[in-house]
Amino acid sequence: MVPLHHYLILGAILFSLGVFGALTRRNAIAILMSIELMLNAVNLTFVAFARYLPQTQLQGQAFAVFVITVAAAEAAVGLAIVLGLYRNFRTVNVDEINLMKW
Amino acid sequence: MTVQLAIFYLLAAFTVWAAAVVVLGKNIVRAAVALIFSFCGVAGIYILLEADFLAAVQVLIYVGGITILLLFAIMLTSRIAGGVRVVNDQAVLSGIAGAGLLVGLGYAVLKGVPAVSSAPPLPQSTPFLGKALLTTYALPFEAVSILLLAAMVGAIILARKD
C-alpha cells in the first residue's frame with residue numbers, strides 16, 4: 001500500500017506548480033488553467049485523506065464532488081469574463097489590461 | 001517495491017510532468033492538451049485510491065468539459081502571432097513564492113501525517129456517496145445546484161454580444 005504522505009506530497013507539488021503558474025502567466029486562460037490545477041491538487045489531497053482515514057471516507061469524497069462542481073462553475077464564468085475582456089481590449093494578456101491602474 | 005507503489009510513481013511522474021508543461025509551456029494550445037494529460041493522471045490516482053466514482057467524474061467533467069471549454073476560449077481569443085513572452089515581470093518572485101510554498105507544505109506534511117488506520121475502505125463507494133449526497137449533504141447539494149444555475153446564467157449574460 002502506498003503511504004499517505006506520498007499522495008500529500010504529490011498534491012503539494014501540483015498545488016505549488018499551480019500557484020507559480022497563476023502568478024506568472026500572462027495569458028488569462030493560462031491563469032485559469034493554473035487555478036484548475038490547484039483545485040485538482042486539493043481534490044487529490046481530500047481523496048487521499050478519505051481513503052486513509054476511514055471515519056472520514058464519505059466526507060472527503062463528498063467534498064471533492066462539491067469542489068469539482070465549483071470548479072466547473074468557476075471555469076464557465078471565468079471564460080465568459082475572458083471573452084468579454086477580449087472583445088473590449090483585443091488582448092487576453094493580463095499585464096496589458098491596466099485601465100484601472102495609474 | 002510493490003506493484004501499487006510502482007504504478008503510483010509512474011502516475012505521479014506523468015501528472016507532474018504534464019502539470020509542468022501546463023505552467024511553463026510556451027504554446028497555449030499545447031498547455032491545454034497537457035492539462036488533459038494531467039487530469040487523466042489524477043483520475044488514475046483516484047482509481048488507485050479506490051474512489052471509482054470520482055475518477056469517472058474527473059474524466060467526464062474535467063477532461064470532457066472544462067478542457068474543451070478552455071480550448072474553445074483559446075481558439076476564440078488567441079492571435080496567431082501572439083506575444084512570445086509567456087511570463088510576466090514577476091517570474092523570479094513567483095518562483096521563490098512557489099518554491100517556498102512547496103517547502104512549507106512538504107515540511108507540514110512530513111511533520112504532521114495523522115495516524116493512518118489500516119481498516120479496509122468501503123467495498124463500493126458510489127452507492128454510499130449517492131446516499132450521503134441526498135441525505136446528509138442534501139442542503140449543500142441544493143446550494144451547489146443553485147450556484148451552478150447562477151453561474152450558467154451569469155456566463156451567458158457576460159459572453160452575450162449586445
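Everything below is about the structure printed above this text.
Residues take numbers from 1 onward in each chain, read along the sequence in its written order. Both sets of labels track the order of writing: A upward for chains, 1 upward for ligands. It should be noted that, the model being predicted, local features are given only for residues of pLDDT at least 70 and side-chain atom pairs only at 80 or more, the latter also being counted only at that level, while totals for whole chains, interfaces and linings use all residues. Where side-chain values are given, they derive from all heavy atoms of the structure, hydrogens and water being excluded.

**Focus on the overall build of chain B**
- Note on conventions: DSSP H or I runs of at least 4 residues are helices, E runs of at least 2 residues are strands, and numbering of each starts at the N terminus. Looking only at helices and strands, chain B features 6 helices and 0 strands.
- Listed by position from the N terminus, the elements making up chain B come as α-α-α-α-α-α.
- The quantity called the radius of gyration is restricted to C-alpha atoms. Its globule counterpart is 2.2 Å times the number of residues to the power 0.38. Computed over the C-alpha atoms, the radius of gyration of chain B is 20 Å, more than 25% above the 15 Å expected from 2.2 N^0.38 for a compact globule of 162 residues.
- Dimensions along the principal axes, computed over C-alpha positions, put chain B at roughly 55 × 40 × 25 Å.
- Across the 162 residues of chain B, 34% fall into the buried class.
- Pairs of residues are marked as contacts when any of their non-hydrogen atoms sit within 4.5 Å. Pairs at least 24 residues apart make up 54% of the contacts formed inside chain B by residues separated by at least 6 positions.
- Carbon and sulfur atoms form 75% of the exposed surface of chain B, whose accessible area is close to 9700 Å².
- Once the 8 positive and 5 negative side-chain charges of chain B are each reduced to a mean point, those two points are 13 Å apart. Any residue under 20% of the maximum accessible area for its type is buried, any over 50% is exposed, and the rest in between are partly exposed; the area is computed with a 1.4 Å probe on protein chains only. Accessibility throughout is a Shrake-Rupley quantity obtained with a 1.4 Å probe, and a residue counts as covered only by protein chains that appear here. In summary, the charge assignment counts Lys and Arg as positive and Asp and Glu as negative, without counting His or the chain termini. Charge coordinates come from a single atom per side chain, which is NZ of Lys, CZ of Arg, CG of Asp or CD of Glu.

**A short note on the interface of chain A and chain B**
- Tallying the contact residues gives 69 residues for chain A and 81 residues for chain B.
- Buried area counts how much accessible surface, traced with a 1.4 Å probe, disappears from two parts once they are put together, with both parts' losses summed. The largest per-residue losses of area from chain A upon contact with chain B belong to Arg25, Met33 and Phe66 of chain A, which jointly make up 10% of the total buried on that side.
- By definition here, a salt bridge exists when the distance from a side-chain nitrogen of Lys or Arg to a carboxyl oxygen of Asp or Glu is within 4 Å. Taken together, chain A and chain B are joined by 1 salt bridge.
- Among the salt bridges present, the one from Glu50 of chain B reaches Arg51 of chain A, with a minimum N-O distance of 3.5 Å.
- Polar contact is defined as a pair of N or O atoms within 3.5 Å, subject to the rule that within protein one atom must be able to donate a hydrogen and the other to accept it, and that residues adjacent in sequence are counted only when both atoms are side-chain atoms. At the junction of chain A and chain B, the tally comes to 11 residue pairs in polar contact (both at pLDDT 80 or more).
- Mapped onto the side of chain A that touches chain B, the elements with two or more residues apiece are α1 (4–24), α2 (28–52) and α3 (57–89) of chain A.
- In terms of residues, the side of chain A that touches chain B owes the most to one element, α3 of chain A, which gives 24 residues.
- Its residues assigned to classes, the side of chain A that touches chain B shows 49 nonpolar, 13 polar and 7 charged. Throughout, the ten residues Ala, Val, Leu, Ile, Met, Phe, Trp, Tyr, Cys and Pro are labelled nonpolar, Asp, Glu, Lys and Arg are labelled charged, and all others, Gly among them, are labelled polar.

**Some details on the packing of aromatic side chains**
- Aromatic pairing here means that ring centres of Phe, Tyr or Trp (its six-membered ring) are within 6.5 Å. Orientation follows from the plane angle: under 30 degrees is stacked, over 60 is edge-to-face, and everything else is tilted. Evaluated as defined, the whole model comprises 7 aromatic pairs over all chains.
- When the centroid spacing of 4.8 Å and the interplanar angle of 70° are considered together, the rings of Tyr7 of chain A and Phe8 of chain B count as edge-to-face. With Tyr7 of chain A in helix α1 and Phe8 of chain B in helix α1 (residues 3–24), the pair connects residues from two separate chains. Pair check on accessibility: Tyr7 of chain A and Phe8 of chain B agree, each one buried.
- Among the aromatic residues, those joined into a cluster by ring pairs are Tyr7 and Tyr52 of chain A together with Phe8 and Tyr9 of chain B.
- Lying over the aromatic face of Tyr52 of chain A, Arg51 of chain A brings its terminal NZ or CZ to 5.5 Å of the ring centre. Both a distance and an angle decide whether a charge sits over a ring: NZ of Lys or CZ of Arg must be within 6 Å of the ring centre and within 35 degrees of the ring normal.

**Focus: the nonpolar core**
- By nonpolar core we mean a set of buried residues, namely Ala, Val, Leu, Ile, Met, Phe, Trp, Tyr and Cys, connected to one another through side-chain atoms within 4.5 Å. Core analysis: the biggest nonpolar cluster contains 65 residues, and Tyr7, Met33 and Leu44 of chain A together with Leu49, Leu54 and Leu70 of chain B have the highest contact counts within it.
- Here Met33 of chain A is in contact with Val22, Ile28, Ala31, Ala32, Leu35 and Leu70 of chain B, once residues within four sequence places are set aside.

**Notes on the packing of α2 of chain A against helix α2 (residues 28–48) of chain B**
- Close contact between α2 of chain A and α2 of chain B brings their axes to 11 Å; oriented N to C, the two are set at 5°. Of the possible angle classes, the one that applies to α2 of chain A and α2 of chain B is roughly parallel. Residue-level contacts link Ala30, Met33, Glu36, Leu37, Asn40, Asn43, Leu44 and Val47 of chain A of α2 of chain A to Ile28, Ala31, Ala32, Leu35, Ser38, Phe39, Val42, Ile45 and Tyr46 of chain B of α2 of chain B.
- For the contact of α2 of chain A with α2 of chain B, the residue count by class is 13 nonpolar, 3 polar and 1 charged. Only the contacting stretch of a helix is used when fitting its axis, a line to C-alpha atoms as for every element, and angles between N-to-C directions run 0 to 180 degrees. Roughly parallel means an angle under 35 degrees; roughly antiparallel, over 145; roughly perpendicular, 65 to 115; everything else is oblique.

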